[in-house]
Amino acid sequence: MMYLQIDGVSKTFGGNKVLSDIRADIREGEFCAFVGPSGCGKSTLLNIIAGIEKADSGEVRLCSRPSAVQDAISFMPQQDLLLPWRTALQNIVLPLEMKGMPKRDRISRGRDVLRQFGLEDYADHYPSSLSGGMRQRISFLRTYLCEKPLMLLDEPFGKLDAFTKMDVHRWLLDSWEKGNQTILMVTHDLDEAILLSDRVFVMSQQPSSIIHELKVNLPRPRKLDMLASEELKK
Ligand code: ADP
Ligand code: MG
């Protein structure tokens, strides 16, 4: 049985047909990326999978049930939804709080991941005082700490500089390889998609459909090390 099935999803806004019969089958534990030009409907597709937007036709099933009704999904939207009245740390630990984790434990877990991202000095800062790249990492960490079986990431690292991005990529792959989470990432950056994922679904301009599926076969740690050494030679 396929884990996640995107089965003929179409979507029109007004007279504007955005998605046309999108199909993809994702296996449990896979890291897949959807790539396509700006405006082709990547966010719309991810919103439909997350259950925030409704498809006009077709459906998305997770373990044979509609994805929209499931509690198995964590979602990082393209626009971050950090709570402005909470500090970076308080934002990150929100999912742990909702799970009922005791305060001491969640604060310690939150500080720990902030430290891994080099953001420990910003724990008590409010989102309005953080740069776009910092907010993006905070938003990613909050999504990550939901610890759901399926993680949906919409352009998660687009605001990070090349070096920070390399660190975060490595961290994400390490954590993904240790667990059995399924990840679906949307990006306009084909290099990033190939670097991180097992399979890349390439979307066309609107009305968008999957025009190509790339299988990525290189072993992952070696790939990242290659990249790092190429980067350092420059
Ligand atoms: P991408 O994420 O690939 O850049 P989007 O999914 O954000 O693309 O948008 C695809 C198209 O759908 C764009 O033309 C956008 O203007 C349109 N669109 C997205 N959301 C809405 C909406 N809620 N109402 C009307 N049009 C929308
Ligand atoms: Mg988008």
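Refer to the structure printed above.
In this text the structure is predicted, and so the values were computed from the model without any measurement.

About the cut-offs
- Residues numbered from 1 in each chain as written.
- Chains lettered and ligands numbered in written order.
- Predicted model: local features only at pLDDT ≥ 70, side-chain atom pairs only at ≥ 80, totals over all residues.
- Helix = DSSP H or I, 4+ residues; strand = E, 2+ residues; numbered from the N terminus.
- Buried ≥ 20, exposed ≤ 12 C-beta atoms within 10 Å, placed from the backbone.
- Contact = placed C-beta atoms within 7 Å.
- Pairing = 2+ DSSP bridges.
- Axes fitted to C-alpha atoms, helices over the stretch in contact; angles between N-to-C directions.

### Considerations on the overall build of the protein
Turning to step 1, where the next piece is worked out: In terms of helices and strands, the protein carries eight helices and ten strands.
Turning to step 2, where the next piece is worked out: Its C-alpha atoms give the protein principal-axis dimensions of about 45 × 45 × 35 Å.
Turning to step 3, where the next piece is worked out: Every one of the 234 residues in the protein was classed for burial, and the buried ones make up 36%.
Turning to step 4, where the next piece is worked out: Of all intrachain contacts in the protein linking residues separated by at least 6 positions in sequence, the fraction that spans at least 24 positions is 68%.

### Observations concerning the sheet that holds strand β8 (residues 182-187)
Turning to step 1, where the next piece is worked out: Across the sheet, six strands lie side by side as β6-β7-β8-β3-β9-β10; this open sheet has mixed pairing. Single-partner strands in this sheet number two, and they are β6 (73-76) and β10 (210-215). The average angle at which neighbouring strand axes cross in this sheet is 15°, direction not considered.
Turning to step 2, where the next piece is worked out: In this fold helix α1 (residues 42-50) packs onto β3 (31-35), β6, β7 (150-154), β8 and β9 (199-203), with an angle of close to 155° to the strand it touches most, β7.
Turning to step 3, where the next piece is worked out: Relative to the sheet, helix α5 (residues 132-144) contacts β6 and β7, its axis offset from that of β6 by approximately 175°.

### Description of the sheet that holds strand β1 (residues 4-13)
Turning to step 1, where the next piece is worked out: Spatially, β2-β1-β4-β5 is the arrangement adopted by the four strands of the open sheet, whose pairing is antiparallel. Looking at strand neighbours, the two that pair on one side only are β2 (16-26) and β5 (65-66), the edges of this open sheet.
Turning to step 2, where the next piece is worked out: In this sheet, strand β4 (residues 57-62) lies alongside β1 in antiparallel orientation, the contact comprising five bridges. Among the inter-strand pairings, S10 is bridged to a residue of β4, identified as S57.

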